[in-house]
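Inside the fold
Spelled out from the first residue to the last, the chains are:
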Amino acid sequence: MTGQAQEYDFFPAQVVRTRRLGPTMLRVTFGGEALHGFASGGRDQSFSLFLPHPGQEAPLLPHQEGEGWFRAWRAVPEQERAVMRSYTVRAQRSSPPEVEVDFALHGTDPADHAPAGPAARWAADAEPGARVVLLGPAVADNRSVGFRPPADADFVLLAADETALPAVGGILDWLPAGTRALVWIEVPDAADVQELTGAGEVDVTWLIREPGSPSGLLTALREAELPAGAPYAWLAGESGTVKELRRHLVRERGVDKRAVSFTGYWRRGASEDRLRAEAYGEPA
Ligand SMILES: Cc1cc2nc3c(=O)[nH]c(=O)nc-3n(C[C@H](O)[C@H](O)[C@H](O)COP(=O)(O)OP(=O)(O)OC[C@H]3O[C@@H](n4cnc5c(N)ncnc54)[C@H](O)[C@@H]3O)c2cc1C
């Protein structure tokens, strides 16, 4: 017995309300007494969200405590076991306990060129009372917070697409007063642009992606004039784009690769199940 607190736990919750933030973004507020124990570390705090399949009342998760749950979940047929997807805590409140998540609704509008997925579809139809389970932090200091700037960074550089916009919002909420931050955010529609607040000295450039067009983030960053000094860069969004952004910063700009945090939040042509299977060296 080490007395060390368990880092993650399962938190059953239900939808309390939803709110459209723009044509392709939907805010879903989850509530429930179990969320008293959910301990977001802020910034880009992520977690796994378990969702039911259409026709199921609640996400199906095996009754397996501890480390064995993933194997037990994988052993349930795919059409029955809960859909598992990664999302970010946009905000957390304590009374009543609520966790807010912003969903990018890719492919749910017939005019959208992108493919949909079970999570985007679930969110588009989500109604109050719908049941979910969050596998998330039981302690605020946990490994699912990626934004960790070194103390000697002169400024912060953020580049993100719409899936990482909630994380950017959380990071800007957290930045200490006076921190200089240069931010590039790409969204699918001009009406998805949000007002972001925070104590930092923040300069946000919004990019609107033409339907079906590749990301403009790399071009925007290439053309940008960066301030003197050492940045801490945080990059998240489509995996291929994120790799190009990192390569640009490290190879073309000479940024220290230890000062670049980068995460593929999704990959063109691959579901999250496929990405997880690859990560675990298993067939999808
Ligand atoms: C740490 C982390 C935090 C994340 N936080 C958020 C968040 O707060 N909000 C959010 O909306 N997303 C977030 N994501 C991304 C989200 O998990 C993925 O977009 C996921 O694939 C959505 O699941 P799905 O069931 O809708 O689609 P999937 O079944 O996983 O994929 C189906 C198809 O849709 C494509 N696809 C997936 N996402 C997109 C997209 N955005 N645009 C176009 N095509 C897409 C895939 O390439 C695939 O072809 C996060 C991901 C990670 C790793």
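Predicted model, so just to flag it, every value in this text is computed and none were measured.

About the cut-offs
Residues numbered from 1 in each chain as written. Predicted model: local features only at pLDDT ≥ 70, side-chain atom pairs only at ≥ 80, totals over all residues. Helix = DSSP H or I, 4+ residues; strand = E, 2+ residues; numbered from the N terminus. Near = placed C-beta within 6 Å. Nonpolar A, V, L, I, M, F, W, Y, C, P; charged D, E, K, R; others polar. Domains from an automatic or database assignment. Pairing = 2+ DSSP bridges. Axes fitted to C-alpha atoms, helices over the stretch in contact; angles between N-to-C directions. Buried ≥ 20, exposed ≤ 12 C-beta atoms within 10 Å, placed from the backbone. Contact = placed C-beta atoms within 7 Å. Core = buried A, V, L, I, M, F, W, Y, C linked by C-beta atoms within 7 Å. Arc of directions from axis to C-beta.

A negative phi angle characterises most non-glycine residues, just as the trans form characterises most peptide bonds. Omega for the peptide link from S95 to P96 comes to 0°, which places this bond in the cis form. Mapping P96 onto the fold places it in the loop between β5 (91-93) and β6 (98-104). Notably, R43 is not glycine yet its phi reads approximately 55°, a positive angle. By the secondary structure assignment, R43 is in the loop between β2 (25-31) and β3 (46-51).

So, on to the site of the ligand. Around the ligand, the surrounding shell holds 27 residues, and the nearest of these are T88, A104, H106, G117 and A119. Mapped by element, the contributors of at least two residues to the shell around the ligand are β4 (83-88), β6, α2 (118-125) and β12 (260-266). For the shell around the ligand, the per-class residue count stands at 13 nonpolar, nine polar and five charged.

Many analyses report the size of an interface as the accessible area lost when the parts associate. Domain assignment breaks the chain into domain 1 (8-142) and domain 2 (155-266). Those elements giving two or more residues to the side of domain 1 that touches domain 2 turn out to be β1 (8-22) and β6. For the side of domain 1 that touches domain 2, the residue count by class is five nonpolar, six polar and four charged.

What follows deals with the sheet that holds β5. Overall, antiparallel pairing links the seven strands, which are arranged β4-β3-β7-β1-β2-β6-β5 in an open sheet. Each edge of the open sheet is held by one strand with a lone partner, namely β4 and β5. When strand polarity is set aside, the average angle formed by the axes of neighbouring strands in this sheet is 35°.

This paragraph deals with the sheet that holds strand β8 (residues 155-161). Ordered by their spatial adjacency, five strands build an open sheet running β10-β9-β8-β11-β12, and the pairing between neighbours is parallel. The strands lining the two open edges of the sheet, one partner per strand, are β10 (201-208) and β12. Neighbour-to-neighbour, the strand axes of the sheet open up by a mean angle of 10°, direction not taken into account. Here strand β9 (residues 180-187) pairs with β10 via eight bridges, running parallel. Residue pairing for β10: L182 is matched across the bridge by D203.

Topologically, P77 is positioned in the loop between α1 (69-75) and β4. For the pair P77 and L51, spaced 26 residues apart in sequence, the C-alpha to C-alpha distance is 15 Å.

Taking burial as the measure, the seven residues of β8 include seven buried ones, the bulk of the element. The sheet contact formed by β8 and strand β11 (residues 231-238) spans six bridges and is parallel. Pairing of A160 across the sheet is with A236, part of β11. Direction of pairing for β8 relative to β9: parallel, over a ladder of six bridges.

Our focus in this paragraph is helix α3 (residues 165-174). Among the 10 residues that make up α3, eight are buried, leaving the element largely enclosed by the rest of the structure. Along α3, the residues that are buried comprise L165, P166, A167, V168, G169, G170, I171 and L172. Looking at the buried residues of α3, the elements they touch are β4, β6, β8, β9, β10 and β11.

Grouped together as the largest cluster of nonpolar side chains are 34 residues, with contacts concentrated most on L158, A159, A160 and V168. Those elements that provide at least two residues to this core are β8, α3, β9, α4 (217-223), β11, α5 (239-252) and β12. Setting aside residues up to four positions removed in sequence, A159 forms contacts with W184, L217, L221, L235 and L245. Formed by 30 residues, the second largest nonpolar core is a distinct cluster that contains L35, F50, M84 and A119.

Below, the discussion takes up the pairing of β1. In this sheet, strand β7 (residues 131-137) lies alongside β1 in antiparallel orientation, the contact comprising seven bridges. Note on β7: the bridge partner recorded for Q14 is R131. Sheet topology note: the β1/β2 ladder contains seven bridges and is antiparallel. Bridging from a neighbouring strand, R20 pairs with L26 of β2. The loop that links β1 with its antiparallel partner β2 comprises two residues.

A separate point is α2. Count 3.6 residues to each turn of an α-helix, and residues three or four apart come out pointing the same way. Listing the buried residues of α2 in full gives A119, A120, W122 and A123. All buried residues of α2 fall inside an arc of 160° around its axis, so they share one side. Those residues of α2 that are buried are in contact with β2, β3, β4 and β6.

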